[in-house]
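Chain residues, written in single-letter form:
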Amino acid sequence: MSDADTVLRFHRDVYPLEAVQSAVTAFGGRARGAVATVGEYHEVVIAADDAAAAAQIGAELANYALAATVAGAAGGPGADEASPPA
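Cut-off values and rules
Residues numbered from 1 in each chain as written. Predicted model: local features only at pLDDT ≥ 70, side-chain atom pairs only at ≥ 80, totals over all residues. Heavy atoms only, no water. Helix = DSSP H or I, 4+ residues; strand = E, 2+ residues; numbered from the N terminus. Buried < 20%, exposed > 50% of the residue type's maximum accessible area, 1.4 Å probe, protein only. Contact = heavy atoms within 4.5 Å. Areas by Shrake-Rupley, 256 points an atom, 1.4 Å probe, with all protein chains shown as cover. Salt bridge = Lys/Arg side-chain N within 4 Å of Asp/Glu carboxyl O. Core = buried A, V, L, I, M, F, W, Y, C linked by side-chain atoms within 4.5 Å. Phe/Tyr/Trp six-rings, centres within 6.5 Å; stacked < 30°, edge-to-face > 60°. Pairing = 2+ DSSP bridges. Axes fitted to C-alpha atoms, helices over the stretch in contact; angles between N-to-C directions.

Novice: Before we go on, may I ask you to explain the overall build of the protein in this structure?
Specialist: When helices and strands are tallied, the protein shows 2 helices and 3 strands. Listing each helix as α and each strand as β along the protein from the N terminus yields β-α-β-β-α. Counting all 86 residues of the protein, 34% fall into the buried class. Considering only contacts in the protein between residues 6 or more positions apart, those separated by 24 or more positions represent 66%. Surface accessibility of the protein: about 5,000 Å² in total, with carbon and sulfur atoms responsible for 53%.

Here it is, written out as C-alpha cells:
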C-alpha cells in the first residue's frame, strides 16, 4: 500500500460482500481495487495515480456500494446486477 492509496471500510452487517465486490468491479477501469474481509468489515484498498484521484474514486465507489446494497434490499436488481457507471 502506498501513500496515494485510499482504504474504505464497509461493515459486514450493512453491506453484503457482493455489493462491495460489484462496486470494485465497476470502477476497475479507473483504479485498482482489492477487497478483503477483516473482522467485521469488508475493506477495499483503492490504488490510483495520485491520492486525490484515489479519494475521489473511493467516494464514488462507496456511493455505488450503497446503491447496490439498497437495490438488493428493496427487491430491485441485486448487487450483481447493478449497472456500472458510464
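Novice: Is there a simple way to think about the pattern of salt bridges in this case?
Specialist: Pairs can form between side chains of opposite charge whenever their charged atoms are close. All told, the structure shown has 1 salt bridge when counted by the stated rule. Taking the shortest distance from any N to any O, the salt bridge between Glu-43 and Arg-9 comes out at 3.3 Å. Note that Glu-43 is positioned in strand E3 (residues 41-47) and Arg-9 in strand E1 (residues 6-11), a separation of 34 residues in sequence.

Novice: Just checking my understanding: could you explain the nonpolar core for this structure?
Specialist: The tendency in soluble globular proteins is for nonpolar side chains to be buried side by side. Core analysis: the biggest nonpolar cluster contains 17 residues, and Leu-8, Phe-10, Phe-27, Val-44, Ile-46, Ile-57 and Leu-61 have the highest contact counts within it. Of all the elements in the fold, those that place two or more residues in this core are E1, helix H1 (17-26), E3 and helix H2 (51-73). Of all the elements, H2 adds the most residues to this core, at 5 residues.

Novice: When you look at the packing of aromatic side chains in this model, what are you seeing that I'm missing?
Specialist: Working definition: an aromatic ring pair is given by the centre-to-centre distance plus the angle between the planes. Enumeration over the complete set of coordinates arrives at 2 aromatic pairs. Ring centres of Phe-10 and Tyr-15 lie 4.9 Å apart, and the angle between their planes is 70°; on these two criteria the pair is classed as edge-to-face. A single burial state applies to Phe-10 and to Tyr-15, both of which are buried. Between Phe-27 and Tyr-64 the ring centres are 5.9 Å apart and the planes differ by 90°, which places this aromatic pair in the edge-to-face class. Taken together, the residues span a long stretch of sequence, with Phe-27 in the loop between H1 and strand E2 (32-38) and Tyr-64 in helix H2 at a distance of 37 residues.

Novice: Which parts of the structure should I look at to understand the sheet that holds E2?
Specialist: Pairing between sheet strands relies on hydrogen bonds along the backbone, with the strands arranged either parallel or antiparallel. In space, the 3 strands of this open sheet follow the order E1-E3-E2, with antiparallel pairing throughout. Pairing within the sheet leaves two strands with one partner each, and these edge strands are E1 and E2. Recorded for the sheet is a direction-independent mean angle of 20° between the axes of neighbouring strands. Pairing of E2 with E3 involves 7 bridges; the strand directions are antiparallel.

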